[in-house]
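Listed below are the residues making up each chain.
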Amino acid sequence: MTKVNVILLFLCFLSTFIAEAQSDTSRVFRLTKDDVLSGKSSTDVTIVSASRSSQTLGELPVTAYVVTHEEIIKHGYTTLVDVLKSVPGMRVSKPGSGIDGETFLMRGLTGNYYCKILINNIPIQNSVSSSIAIAEQLPIAQAERIEIIFGSASAIYGADAMSGVINIITRVSEKSAYAQADIRTGEDGYQHANFMVGGKLGKNKNIVRYNVFGNLGRRADTNIKYDLNNYDPLLLLIDNRAVADSLRKANPEFIINRIKGDYPNYEGDAFGPKFGKIPQQSQLLGFALEYKGLKFDFLDMYRQDYTSLGQSPLIFGYHDSDIYIGDRQHRLGLTYEVSKEKWALTTNASYMRYRYNPLSSRSSNYRADETGRAYRYAASDDIFGEALWRYTPSQKLEYTFGAYLKASSCLPEGNDLDEPFNTANYFPFTRRDIPNDPVFGDFGHNPINFFAGGAFFQALWTPKRWTIIAGLRLDRSTAYEESQNLDIFTFYPRIAALYKISNHLSARATIGRGFKPPSPNNVYTSLAITNPAIPEGLVNYQQVPNTELKSESAGSSELALRGRLSKKIEFDVILYNNFISNRIDGRFVPVDTSKYQNAVNFPGSPLVARTYVNSDDATASLFAFQITARLRDIIPAIQLNADFSYINNRGSETLPDNAGELNDYRMVPRHFLQWNFSFQISQKIFMRVENVYSSSWIARNVTSPEDLVKRSTSRAPGYRATDVIVRYNVSKQLSTFVKVINLWDRGYGGIDVTGFDVDLPYNPQLGRNIQMGINFELN
C-alpha cells in the first residue's frame, strides 16, 4: 500500500474521531448503493416500484435507492429501520413505540403511516391503523433487494404513498438448491436468528421454485434508561425543569403524595420511576411457491414491544416487565403474470388478518385497581385485489392501466379493559355488537366495515433525451360516509420528467399530489377512566373519538441534478418541497357533555379530553436542499468506498384551531449530515463505519408558539452516533462478525410517539450494544 493510500485511510478514521470529540449541530443520513453491486453504477440498477414496470433507475425522473441482498447481509441489517437508517433523508427511531414498533420519518412524514410498504409488490399495511409496526418480523435478510422511492406516488399506489414507496422483494432461486442462515447474540440478552432455504424442481418450462424462511428475535432488556432527567415524573405536570427541581427540594414527600393521589399506581419517587426490564421480541415464518407466471406466498408475522416506550412515567409505568403491545399479521398473497410482445397483465390478490395479542396491555398509573394493568385490543381483516395492464405500442411509449378493490373490517383500538378482550366477541364483516361495559357502556366499541376501490392510468414516454411520466388516480372509499367529511372521490395526479444533458448528467423534475383518509384508530381511539378522586358513577374522559376528521392532503415537488464525475464518483443534488393541509394533530378539546353526560374532570382541572383534529387552516410546508455523493474504490488496494449526504431543512407550520404559526417543521432537524465508509482491512476482513450527526428539532407535541418559550422540553437536543461492523470471511460460505451499535454510547432521541402531552421530552434510543454472530450462505 502506498504512503498516499495509508494517509487517506488514516484521514477517514481521524475525521470520525474528530467529529466525535467536537460538539456539532448538524445531522447525517446516507446513500445506500454500495460496492456489493460489483462496480455497477447505482443508476444502472433496474427497479419496478417507481413506475410499476421494470425500468432502469438512471432513466427515471425519481429519487430512489436500492439496497441489495449482499448489502443487507454484509452490513448486518435485521430490520427495515436498519436499512432505512442508511438512506439519505430518513430519520429513524429504534426503539419507536409500543404501538408502531420501530419508526421512520420520510420527508417530514411518519413513514409507517404515510409511505406505502409492499412485500413482493403487495401492500402489507393493515387498515385499522393504516400503518405497519416494524420489528424483526419482516423478511429483510431474505430480501433480494429493497427499493425505496421518495416523493408522492399516490397517483399509482393510492393514499398510503404520500411520502414514498418501499418494496421488499424476496429472493427467488435460479439454482436447484440454496440456503442461508444468520445467528447472533448481544448485550442485554439480545438474540437473533434467521434462515431461508429454497430451490427449484422440474425441467425446461415446467419448473417450480420454492423457499421457506423465518426470523426469531428477542431482547431481554432495552438500554434506554440512561438519562433519568428524561423520565422526570413532574415534567408532565409542570413542564419546567427549574420549577420542578425547586418544588422537589422544598417538599419531596408532599410531591410524591400528590402524585400518588392522582396516579395511585405510580411506582417510584419524586425524581423518577421504578424500572423493570424492557423486553422485545418478534417472529416470522413464511414460504413461497412460483410456477410459470403464478406466485403464491404466505407470511406469519408477530412482534411485541414494551407499551410505555417514549411516554411519561407519570401516566404509564415502567416497573412491570410483562406489559406489551403484540400484534400478529397473516398475509396470503397471490400473483399471476402473463406477458406478450406488446402487452403484459399482472393480477395481485391478498387476504390479510391482523390481530392484537389479547394479552396486550399497559401499566396505567391512573387506574384505581391494584395492578394498574389495562388491556388493549384492535383487529382488522382486509381482502385486496388489483389488476395491472401494461401496453407498449412502441419502444418509446408505454401505457399502464390499473384497478383495485378492497374490503375491510376493523375493530379500532378502544377503551382500557379490565380483562383480556374476548376474541369471540369480534366478528369481521358483520354488524354484530360487542357487549357493553358495566361502567362505560359502549364507549370504545366502534367496529366498522368499508369498501375502497379505484383506478389509475399512467403514460411513460421516452423521446430523444427525455423520459416523461404522467399519471392520474381516482379512489373511492365508503369509510366514515355518515360524517360527510370525506370527499366521495379523490384524485391523485403526478407528472415527472427527466432530461439527459449528457451521457453523465441528467436533470429531473417531479410534481404530485396525494390524499390520506384518517385511519380508524385516529378516528376512534378512546380512553375513559374512573379514579378515587372522581365521584362514583361519573367518568373522566381522557381521549374521545372524532368522527369529523377529514382527509389529509399533500403536494410534493422536486428538482434535481444527477451526474457522474467519473467511474468512481456519482452525485445527486435535490431541491424538494412537501406541503400538507388538513394535517391531523393531537389536541385537547372541551368534552361534549351532551354526548358524554356522565363526564367529570379531576378537581382543579378543566373538562377537556385529548383527541385528533384537523382543519382547513392547518398546514405544514417543508423545503429541503439535499446533496449526496457516492465514491467507489477510492483506494483500489483496500476497496475503500464512501457515501456522503447532507440535508438542509427549512419549514413552517400553521397550527389548527388558530393556535398560531411555527417557523419550523416539527420533528425535522434543520441539518442532516452523514458520512460512512467501508474497506477491506485484508482479503478476509471487511469493515464499515456509519456516522450520523443531527441538529435539534421541535417536539411533535408543541401546540403553539408560546410552548417554545414556556416549555423547557419543547426542543429535543441534537446528537451524534456511530455504528461499526467488522466481518471476517472464514470461507465463501461462512463469515463471522462483530457489530457495535452506538459506539460512543450517546444518549439521544428518536421520533416522538403520540404528539400528545404524554410523550417524554425525547424518545430515548438504544445505548451502546455489542453483537456478534455467524452468517452462512450456500448457493
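Our structure's up above, just so we're on the same page.
Cut-offs and rules
Residues numbered from 1 in each chain as written. Predicted model: local features only at pLDDT ≥ 70, side-chain atom pairs only at ≥ 80, totals over all residues. Heavy atoms only, no water. Patch = residues over 30% accessible without salt bridge, like charges linked within 9 Å, V, L, I, M, F, W, Y side chains within 5 Å. Areas by Shrake-Rupley, 256 points an atom, 1.4 Å probe, with all protein chains shown as cover. Salt bridge = Lys/Arg side-chain N within 4 Å of Asp/Glu carboxyl O. Helix = DSSP H or I, 4+ residues; strand = E, 2+ residues; numbered from the N terminus. Pairing = 2+ DSSP bridges. Buried < 20%, exposed > 50% of the residue type's maximum accessible area, 1.4 Å probe, protein only. Arc of directions from axis to C-beta. Contact = heavy atoms within 4.5 Å. Core = buried A, V, L, I, M, F, W, Y, C linked by side-chain atoms within 4.5 Å. Lys, Arg positive; Asp, Glu negative; His and termini not counted. Polar contact = N/O pair within 3.5 Å; in protein donor to acceptor, adjacent residues only side chain to side chain.

A.B. asks: I'm lost on a nonpolar patch on the surface in this one. Help?
C.D. replies: On the surface, a nonpolar cluster with roughly 450 Å² of combined accessible area is contributed by Phe195, Val197, Val212, Leu285, Phe287 and Leu289. Within the residue set of the nonpolar patch, elements represented by two or more residues are β12 (190-203) and β14 (280-291). Looking at the nonpolar patch, the element that brings in the most residues is β14, giving three residues. The topology assignment puts Leu285 in strand β14.

A.B. asks: Please clarify how the sheet that holds strand β7 (residues 115-119) should be interpreted in this entry.
C.D. replies: Hydrogen bonding along the main chain pairs the strands of a sheet, whether they run parallel or antiparallel. Pairing is mixed in the open sheet, where five strands are placed in the order β3-β9-β10-β7-β8. The sheet terminates laterally at β3 (63-68) and β8 (122-123), the two strands that pair on one side only. When β3 meets strand β9 (residues 143-150), the two strands line up antiparallel, connected through six bridges. Residue pairing for β9: Val67 is matched across the bridge by Ile146.

A.B. asks: Before we go on, may I ask you to explain helix α7 (residues 252-262) in this structure?
C.D. replies: Residues lying three or four places apart along an α-helix face the same way, a consequence of the helix completing one turn every 3.6 residues. For α7, the complete set of buried residues consists of Ile255, Ile256 and Ile259. Relative to the axis of α7, the buried residues are bounded by an arc of 90° and lie together on one face. Among the exposed residues of α7, those oriented more than 90 degrees off its buried face are Glu253 and Phe254. Those residues of α7 that are buried are in contact with α6 (241-250).

A.B. asks: I would appreciate a short explanation of the side chain of Glu147 in the present structure.
C.D. replies: By the secondary structure assignment, Glu147 is in strand β9. A relative accessible area of 0% means that Glu147 is categorised as buried.

A.B. asks: Could you clarify how one ought to interpret the pairing of strand β15 (residues 294-305) in this entry?
C.D. replies: Working note: regular strand, side chains alternate between the two faces of the sheet. In the sheet, β14 pairs with β15 via twelve bridges, with the strands oriented antiparallel. Looking at the pairing, Gly286 lines up with Leu299 of β15. Counting the residues in the hairpin turn of β14 and β15 gives two residues, including Lys292, whose phi is positive at 50°. Pairing of β15 with strand β16 (residues 325-339), which is carried by twelve bridges, proceeds in the antiparallel orientation. Residue pairing across strands places Asp305 opposite Ile325, the latter belonging to β16.

A.B. asks: Would you mind going over the pattern of salt bridges with me for this structure?
C.D. replies: Once their charged atoms are close, side chains differing in charge can pair, the charge on each being opposite to the other. Using the criterion set out here, one finds 39 salt bridges in the structure. Here the salt bridges do not stand alone but share partners, grouping Arg107, Arg508, Glu558 and Asp572 into one network.

A.B. asks: Help me understand the nonpolar core in this model?
C.D. replies: Nonpolar side chains tend to gather and get buried jointly when the protein is soluble and globular. Core analysis: the biggest nonpolar cluster contains 40 residues, and Ile315, Tyr366 and Leu411 have the highest contact counts within it. Elements that contribute at least two residues to this core include exactly α7, β17 (343-356), β21 (397-411), β22 (448-461), α8 (520-524) and β26 (527-529). The biggest single contributor to this core is α7, with three residues. Counting 34 residues, the second-largest nonpolar core is a separate cluster that includes Leu80, Ile117, Ile146 and Ile148.

A.B. asks: Is there a simple way to think about the side chain of Arg727 in this case?
C.D. replies: Mapped onto the elements of the fold, Arg727 is located in strand β39 (residues 719-729). It is Asp182 that comes nearest to the buried, bridge-free Arg727 among opposite-charge side chains, at 5.3 Å. Engagement of the side chain of Arg727 in a polar contact is seen with the backbone oxygen of Lys74, the distance being 3.3 Å. There is a polar contact of 2.8 Å between the side chain of Arg727 and the side chain of Ser735. Apart from residues no more than four positions distant in its own chain, Arg727 is found in contact with Ile73, Lys74, Gly76, Lys684, Ile685, Phe686, Ser735, Thr736, Phe737 and Asn775.

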